[in-house]
Amino acid sequence: MAELNAMLGWTFTQEIDVPASVNELLVPGEVAQIAYKTVRDTAVVTNKRIIISDKQGLTGKKVEVYTIPFKSIIMYSSENGGTFDFNTELELWTSIGKFKLNLAKKVDIRKLDKVIAEAIL
């Protein structure tokens, strides 16, 4: 489980427009709903999954794409930031383990929470 947490550690820094490049990854009936900038990458939340592009190497030309299907999420929790807490957190329990997404304080956790709830409930 610790290996999963280390491998799947991302911070969503701000909401951005959904990149057009994600369209080639979408399946019929899938709709991109919201996107976030990470340190070097982007994350797109659709009505079916979370897609995270992970640029690698110095040039960033090599890209690994992670998909977290909502059907694999068993439970999740969200925590908004407090006065001295800089990040909000979203923890996802999936069939392969639990991992955490960190969100910068300016990211609206409740908006993301609602998108995920609508997809899995």
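Residues numbered from 1 in each chain as written. Predicted model: local features only at pLDDT ≥ 70, side-chain atom pairs only at ≥ 80, totals over all residues. Heavy atoms only, no water.

Take the sheet that holds strand β3 (residues 32–37) next. Working definition: the strands of a sheet are paired by backbone hydrogen bonds and lie parallel or antiparallel to each other. Here five strands make up an open sheet; going across it, the order is β2-β3-β4-β5-β6 and the pairing antiparallel. A single partner strand is all that each edge strand has here, and the edge strands are β2 (14–16) and β6 (62–69). Sheet twist, expressed as the mean angle between neighbouring strand axes with direction ignored, is 25°. Both β3 and strand β4 (residues 42–46) contribute to a ladder of five bridges, which runs antiparallel. (Pairing = 2+ DSSP bridges. Helix = DSSP H or I, 4+ residues; strand = E, 2+ residues; numbered from the N terminus. Axes fitted to C-alpha atoms, helices over the stretch in contact; angles between N-to-C directions.)

Turning our attention to the environment of Ala-32. In this structure, Ala-32 sits in strand β3. Separated by 13 residues in the primary sequence, Ala-32 and Pro-19 have C-alpha atoms spaced 9.4 Å apart. If near-sequence neighbours (up to four positions away) are discounted, Ala-32 is found in contact with Val-18, Val-22, Leu-26, Val-44, Val-45 and Thr-46. (Contact = heavy atoms within 4.5 Å.)

A few words now on the side chain of Asp-113. Along the chain, the position of Asp-113 falls in helix α2 (residues 109–120). Judged by relative accessible area, which is 15%, Asp-113 ranks as buried. Polar side-chain contacts of Asp-113 include one of 3.1 Å to the side chain of Arg-110. (Buried < 20%, exposed > 50% of the residue type's maximum accessible area, 1.4 Å probe, protein only. Polar contact = N/O pair within 3.5 Å; in protein donor to acceptor, adjacent residues only side chain to side chain.)

Now for the pattern of salt bridges. Evaluated as defined, the whole model comprises five salt bridges. Among the salt bridges present, the one from Glu-89 reaches Lys-100, with a minimum N-O distance of 3.7 Å. Taken as a pair, Glu-89 in strand β8 (residues 87–94) and Lys-100 in strand β9 (residues 97–104) lie far apart in primary sequence, eleven residues in all. In this structure, Asp-113 and Arg-110 form a salt bridge, with 3.1 Å as the shortest nitrogen-oxygen distance. Placement of the pair is Asp-113 and Arg-110 together in helix α2, with a separation of three residues, close to one helical turn. Its relative accessible area of 41% is what places Arg-110 among the partly exposed residues. (Salt bridge = Lys/Arg side-chain N within 4 Å of Asp/Glu carboxyl O.)

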